[in-house]
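# Structure at a glance
Okay, here's what each chain looks like letter by letter:
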Amino acid sequence: MGDMDDYRMAIFSGRLEDWDAWKRDIESFIGAKDPEMADIIVGLIKKPILLDELSSYKEKNAKGYFTLKKYLRGAAANLIEKFRLDKDGAGAFKALTDKYELRGETQKALLMSEFSHLMFDENGDPSETFEAAEELARKMKSRFD
């Protein structure tokens, strides 16, 4: 794959519509750099109890924090600022996920907004609008029953 430092990762600024693609990309990017660091960041590896494992954990967690920080701007960068002192990449990634992962009321509002913006085109096929409405209804039903 070549040198990962030459990879052009997108910068996430806090726009909800960019979150899913950015999250998928950053997880792949970090995983390619260091799978163990990726496992720490996404929460698969918890902070160890044994002192001899703690140093490696802290180092990889800190590298993960700085990798995340490098690809964040605006509101997203401000959100993880409180994790800077501890260099806690896992905590920063969890905070980002908690804020930007579309679930609950945030997701409901976003789907309702999409639904309210559906419009028939005078010259278009109305079935396209009906299909889009049905797809949004399926999403809402599956996520909120």
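Residues numbered from 1 in each chain as written. Predicted model: local features only at pLDDT ≥ 70, side-chain atom pairs only at ≥ 80, totals over all residues. Heavy atoms only, no water.

To continue, consider a nonpolar patch on the surface. Together, Val42, Leu44 and Ile45 make up a nonpolar patch on the protein surface, roughly 260 Å² of accessible area in all. With respect to the helices and strands, Leu44 occurs in the loop between helix 2 (35–41) and helix 3 (51–70). Look at Leu44 and you get exposed, because its relative accessible area is 65%. (Patch = residues over 30% accessible without salt bridge, like charges linked within 9 Å, V, L, I, M, F, W, Y side chains within 5 Å. Areas by Shrake-Rupley, 256 points an atom, 1.4 Å probe, with all protein chains shown as cover. Salt bridge = Lys/Arg side-chain N within 4 Å of Asp/Glu carboxyl O. Helix = DSSP H or I, 4+ residues; strand = E, 2+ residues; numbered from the N terminus. Buried < 20%, exposed > 50% of the residue type's maximum accessible area, 1.4 Å probe, protein only.)

Take helix 1 (residues 16–33) next. The terminal C-alpha atoms of helix 1 lie 26 Å apart, and with 18 residues this matches the ideal 26 Å at 1.5 Å per residue to within 8%. Approximately 30° is the largest bend angle found in helix 1, and it occurs at Trp22. Taken together, the buried positions of helix 1 are Trp19, Trp22, Lys23, Ile26, Phe29 and Ile30. The inward-facing, buried residues of helix 1 contact helix 2, helix 3 and helix 5 (89–100). (Expected span 1.5 Å × (residues − 1). Bend = angle between axes of the 7 residues up to and from the residue. Contact = heavy atoms within 4.5 Å.)

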